[in-house]
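# Inside the fold
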Amino acid sequence: MAKTYSWWDDRRNNPMTITRDVEKEKKEENIFETPKSIYNYFDSQLFGCEEYKKAMATAVWSALKLRTKTNFLVIGPSGCGKTELARIFAKVYYNTTIFDATSATPVSYKGNVTISESLLQVDTSENAQPPWVFIDEVDKAILKDKECGPMIMNELLKMTEGGKLYVGRDERHRELVDTSKVNFVFLGTFSALKKERKNSIGFSAGTEIVSKSSPITRNSLHESGLISDEFLGRINGGILEVEPMDEIKAGKLLEDERYSPIKRLEKMYRINIEVTEEKRHELVSMTSKYGVRGIYSELQSRINDAIFEDCTVKNIVI
């Protein structure tokens, strides 16, 4: 029997919309069937970030099927894929939000939004999908200054402790949010940690080397004093460090048709793009400084110039 809709529901007179929605929902259900199917979706969209994709895939599946709660801290340089994975996830998971913490102020301040207001952008009701909140540039918020930083850190502690929290700036219309249902992913560069760090090797406690590339651990974060131990204690999903995009990875990225910015821009603009060897080398060289977005920016600039001169152009040499 065909499903009927109320007179005021747009779906009543638009059966094609119903078919498309059902197909989309079915496709998304298949994505979330297993941790591997979630990982495969991430992997089809994002180059590299292997540990990040695997950890997120497992945590998302566990949240959906087992109702677990996971908090991650993801550290990596600009352009490495931290925020891009959040955007990819948000395309197929409606109950998620990405909050830019760079302009956040403490609860008691007036003006810009507070970090806790990110909770108003997800559904924490009983029958909703487990919410996911990505707090981007979290390090810039908690390290803002000696006055605001600690106050924002305290706000994050309240958000992650798993209790009920009143959210909103208007005292008369504040909303009670159950944070025990919310999964948090905190994203940041934490460039201050790129100082020389000791890294133990072998079985001897006294055998240490000093390296900027040493893994960032709870101990290194504790010793840095950048994050409180209380907050670190709530990061039950672990600290995920995403490697920067170096020249070797950038070269592989450009050659891989699944991820190559060249191939994606060809599809977007419906043109053929030929990149000279000299330009390809230049693109690879710039990624260590600007990340993948630098490649897109450079290519799109050249494409826009060509389209301005001839909007019917079908082949572009860069």
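Heads up: these notes are all about the structure in this document. On a predicted model such as this, the values are computed, not experimentally measured, just so you know. Each chain carries its own residue numbering, running from 1 in the written order of its sequence. Given that this is a predicted model, residues contribute local features only at a pLDDT of at least 70 and side-chain atom pairs are listed and counted only at 80 or more, while totals for whole chains, interfaces and linings are drawn from all residues. Hydrogens and water are ignored here; the side-chain numbers use all heavy atoms of the structure.

### Quick look at the pattern of salt bridges
The working definition used for a salt bridge is a side-chain nitrogen of Lys or Arg within 4 Å of a carboxyl oxygen of Asp or Glu. Inspection of every chain in the model, using the stated rule, returns 12 salt bridges. When the shortest N-O distance is used, the salt bridge between Lys53 and Asp43 registers 2.7 Å. Highlighted residues: Lys53 in helix α3 (residues 50-66) and Asp43 in helix α2 (residues 35-45), separated in sequence by 10 residues. In this structure, Lys53 and Asp43 share a single accessibility class: buried. One salt bridge in this structure joins Glu266 and Lys263, with 3.8 Å as the shortest N-O distance. With Glu266 and Lys263 both in helix α10 (residues 261-269), this residue pair falls 3 residues apart, about one helical turn. Every helix listed is a DSSP run of H or I at least four residues long, and every strand listed is a run of E at least two residues long, numbered separately from the N terminus. Only protein chains enter the accessibility calculation, which uses a 1.4 Å probe; a residue is then buried when its area is under 20% of its type maximum, exposed when over 50%, and partly exposed in between.

### Remarks on α3
A helix is expected to reach a length of 1.5 Å times the quantity of its residues less one. Counted at 1.5 Å a residue, the expected span for α3 with its 17 residues is 24 Å, and the 23 Å between its end C-alpha atoms agrees. Restricting attention to buried positions, one finds in α3 the residues Tyr52, Lys53, Ala55, Met56, Ala57, Ala59, Val60, Ser62 and Ala63. Any two residues whose heavy atoms approach within 4.5 Å at even a single point are treated as in contact. Buried-residue contacts for α3 involve α2, β1 (71-75), α4 (82-90), β3 (132-136), β6 (183-188) and β9 (238-241). In the segment just after α3, Arg67 is the residue with positive phi, at about 60 degrees.

### Re the packing of α2 against α4
The axes are straight lines fitted to the C-alpha atoms, using for helices just the contacting stretch, and the angles between their N-to-C directions are given from 0 to 180°. Interaxial distance between α2 and α4 falls to 10 Å at its minimum, and their mutual angle equals 120 degrees. It follows that α2 is oblique to α4 by the angle criterion. For the crossing formed where α2 meets α4, the hand is right-handed. Between α2, through Tyr41, Phe42 and Gln45, and α4, the contact on the second element is made entirely by Leu85, Ile88 and Phe89. Partitioned by chemical class, the residues of the contact of α2 with α4 number 5 nonpolar, 1 polar and no charged. Our angle categories are set so that under 35 degrees counts as roughly parallel, over 145 as roughly antiparallel, 65 to 115 as roughly perpendicular, and the remainder as oblique. The handedness criterion is simple: a crossing whose near helix is rotated anticlockwise from the far helix by less than a right angle is left-handed, and one whose near helix is rotated clockwise is right-handed. Asp, Glu, Lys and Arg are counted as charged, while Ala, Val, Leu, Ile, Met, Phe, Trp, Tyr, Cys and Pro are counted as nonpolar; the rest, among them Gly, fall into the polar class.

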